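Single-letter residue listing:
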Amino acid sequence: MSTKSHLLPLIPNVNDCLNILATIPEVQGIPRDRMKKLVRQFLAQIRKSIQADNDPGPLTLDEDGILPRLIQYVCDGHQYHFRKVVNATGVIIHTNLGRSLLPEATMESLFFAGSRYSNLEFDLATGKRGSRYSHIEDILCELTGAEAALVVNNNAAAVLIVLETLAKGKEAIVSRGQLVEIGGSFRIPDVMARSGATLVEVGATNRTHLADYQNALSQDTGVLLKVHCSNYRIIGFTSEVSNDALVALGHEFDIPVVEDLGSGSLIDLSRFGLEKEPTVQEAVSSGVDVVTFSGDKLLGGPQAGIIVGCKKYIEQIKKNPLNRALRIDKFTLSGLESILRYYLDEEKAIQQIPTLSMIAESTDQVQVRAEACVNNLKAKCKGLFQLDIVATTSRVGGGAMPEQGVESIAVAIQSESFSAGKLEKLLRGQPIPIIGRVEHERLLLDMRTVAEDEVVLIVDAMVAAIEKMKSVSGNI
Ligand SMILES: *Cc1c(COP(=O)(O)O)cnc(C)c1O
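So, here's what we can say about the structure. Fair warning: this is a prediction, and the values are worked out from it, not measured in the lab. Residue positions are given per chain, counted from 1 along the sequence in the order it is written. Residues qualify for local features only when their pLDDT is at least 70, as the model is predicted, and side-chain atom pairs are given and counted only at 80 or more; totals for whole chains, interfaces and linings, by contrast, use all residues. To obtain the side-chain values, all non-hydrogen atoms of the structure were included, while hydrogens and water were left out.

A short note on the overall build of the protein chain
Only DSSP runs of H or I covering at least 4 residues are called helices, and only runs of E covering at least 2 are called strands; the numbering of each starts at the N terminus. Per the secondary structure count, the protein chain includes 18 helices and 18 strands. By its C-alpha atoms, the protein chain is 85 × 50 × 50 Å across when sized along the principal axes. Relative to its full complement of 476 residues, the protein chain shows a buried share of 49%. Any two residues whose heavy atoms approach within 4.5 Å at even a single point are treated as in contact. Counting contacts in the protein chain only where the partners sit at least 6 residues apart, residues at least 24 apart contribute 75% of the total. Shrake-Rupley sampling with a 1.4 Å probe provides the accessible areas, and residues are treated as covered by the protein chains on show and by no other component. For the protein chain, the exposed area adds up to about 23,700 Å²; of that, 50% sits on carbon and sulfur atoms. Here the term buried applies to any residue with accessible area under 20% of the maximum for its type, exposed to any over 50%, and partly exposed to those in between, with areas from a 1.4 Å probe on protein chains only.

In structure tokens:
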């Protein structure tokens, strides 16, 4: 039996709470039924806490009682679940934080696509039904050198539909070293199984030779599949079969060669000191019949799975009924056309597509934001937190170049009295959450992925976090 149960009758009732809330500006506009539900939940929490023998403090419905907590609870309960966050992790293509950001001009395309009618599937020349893919097929071919192109929901869907079309009921030959699992449970062997293709693994984990593919060929072979080892590297004594050799083998037996490039860049990023990755154009020109890659990894566009290659195979894929289930919507389409147009001028793409400009930005420029952040925070953190500007390493992310970092600059925050983990959690709990990373008992905010106009959001969040720490430590 709780020793505090005599407090239970003092808990305000739902109607009194609702009447007070009706006078509070912050919670206006919240539908009554939802408000009622949130108030009930809040009161139930208080009841539970009393039954667990905790001291609830004064139970009056005013500033000194439970009102501030009630208002906070209702506001928190009604805020959008899907929200903006500040990515201070330094991972540029962060799958959990939304991968690629779109340029403002691209957002205007999305705005028009959503708010106006369009020629989505309408041929303006004939006045008849058109194809939604017609808007981007030509530009994809122009940029990649492929004969034909198609876009589906994401790259996982692209791999699925390609295999379902070309290798269902047949065998797909893959090197053992390429049976990758991408985060979020995308595993090449599982996708293959779903497509109805039978996986034939060849070679050893570290070395696969052309003879391994040759020996595995049979009447039942549907495709030769090559998969980019996105998020891992096999190093040491290794060997892979070149595209040229694989293509020659495939073409000798009229078997399509398919390459899943994963991130798939249209620009050779080795000019920024990054590891050389094959570009989409290089894969196409090596003679690979079908190439797939993501729209929202290194390309820097909306979520999509892009399929380019020989007309003969792409036409078959287009006709697959699965295509209707995996098709992209008008937002993706308008965003993708806008992004692809940047690539008509490589320098413009690098400057204006955020994913690329974040990779290309010099540490001097990143440093400017780190300094702005520290200068704004110094006075506010005095005596509480030590602030330093430190060198760190950003990651490209999205399965691109896992071995390699990009030099960067972070604001490091540490304190004797608060653990870095606690601060990380407090910043993550703000209305606009700040997502950093804890390293060696310091919270690092990597400024490479923080935009100039987000520095102020970090400052505001720190101020709020400091307030919260003070109030919590006062209570304890
Ligand atoms: C990321 C990746 C995928 C999945 O792409 P999504 O666009 O996330 O569906 C498939 N294959 C490889 C090699 C990848 O790197």
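More follows now that the structure is in view.
Looking at the nonpolar core
Definition of nonpolar core: a set of buried residues of the types Ala, Val, Leu, Ile, Met, Phe, Trp, Tyr and Cys, connected through side-chain atoms within 4.5 Å. Ranked by size, the top nonpolar core spans 86 residues in total, and within it Leu224, Val291, Leu299, Ile307, Val308, Leu340 and Tyr343 carry the most contacts. Top element by residues in this core is helix α6 (residues 155-167). It accounts for eight residues. Counting the residues that make up this core, at least three belong to each of domain 2 (86-95 + 358-473) and domain 3 (104-352). Formed by 31 residues, the second largest nonpolar core is a distinct cluster that contains Val411, Ile434, Leu443 and Ile458. Residue ranges assigned to each domain were obtained from an automatic or database domain assignment.

Things to note about the pattern of salt bridges
Whenever a carboxyl oxygen of Asp or Glu lies within 4 Å of a side-chain nitrogen of Lys or Arg, that contact is scored as a salt bridge. Counted by the stated rule, this structure contains 18 salt bridges. Between lysine 84 and glutamate 454 there is a salt bridge, with the nearest N and O atoms lying 3.3 Å from each other. Highlighted residues: lysine 84 in the loop between α3 (67-78) and β1 (86-87) and glutamate 454 in the loop between β18 (442-446) and α18 (455-475), separated in sequence by 370 residues. Take lysine 84: its relative accessible area is 43%, and that puts it in the partly exposed class. The closest approach of N and O atoms between aspartate 268 and lysine 276, which form a salt bridge, is 3.8 Å.

Considering the packing of aromatic side chains
Centres within 6.5 Å make a pair out of two Phe, Tyr or Trp rings, where for Trp the six-membered ring is used; the pair is then stacked when the planes are under 30 degrees apart, edge-to-face when over 60, and tilted otherwise. On inspection of all chains with the given rule, the structure shows two aromatic pairs. Look at phenylalanine 42 and tyrosine 73: their rings are 5.6 Å apart centre to centre, the planes differ by 50 degrees, and that puts the pair in the tilted class. Taken together, the residues span a long stretch of sequence, with phenylalanine 42 in helix α2 (residues 32-51) and tyrosine 73 in helix α3 at a distance of 31 residues. A residue is classified by how much of its surface remains accessible, and tyrosine 73, at 21% relative accessible area, is partly exposed.

So, the site of the ligand
Near residues are defined by distance, with any heavy atom within 4 Å of the molecule or strand qualifying the residue. Neighbouring residues of the ligand: Arg99, Asn154, Asn155, Ala156, Ile182, Phe186, His228, Ser230, Asp260, Gly262, Ser294 and Lys297. Distance and chemistry together define a polar contact, namely a pair of N or O atoms within 3.5 Å, with one atom able to donate a hydrogen and the other to accept it when in protein, and with adjacent residues in sequence counting only for side-chain atoms on both sides. Interatomic distance of 2.6 Å between a side-chain N/O atom of aspartate 260 and a nitrogen atom of the ligand. The separation between an oxygen atom of the ligand and a polar side-chain atom of lysine 297 is 2.8 Å. Its free accessible area being 380 Å², the ligand has 95% of it covered by the protein chains. Those elements giving two or more residues to the shell around the ligand turn out to be α6 and β11 (257-262). Within the shell around the ligand, the residues separate by chemical class into three nonpolar, six polar and three charged. Polar here means any residue other than Ala, Val, Leu, Ile, Met, Phe, Trp, Tyr, Cys and Pro, which are nonpolar, and Asp, Glu, Lys and Arg, which are charged; Gly is therefore polar.

Regarding the environment of isoleucine 234
Tracing the chain through its elements places isoleucine 234 in the loop between β10 (221-227) and α9 (243-252). Of the residues examined, isoleucine 234 reaches a relative accessible area of 29% and is grouped as partly exposed. As for isoleucine 234 and threonine 205, which are separated by 29 residues in sequence, their C-alpha atoms are 8.2 Å apart.

Concerning helix α1 (residues 14-21)
Within α1, the full set of buried residues consists of Val14, Cys17, Leu18 and Leu21. The arc enclosing the buried residues of α1, seen along the axis, measures out at 100 degrees, which places them on a common side. Its buried side turned inward, α1 meets α2 and α3. You can read the cap of α1 off the contacts: a side-chain oxygen lies 3.1 Å from the backbone nitrogen of asparagine 15, and it is on asparagine 13. Think of it as the arc spanned by the lines of direction from the helix axis to the C-beta atoms.

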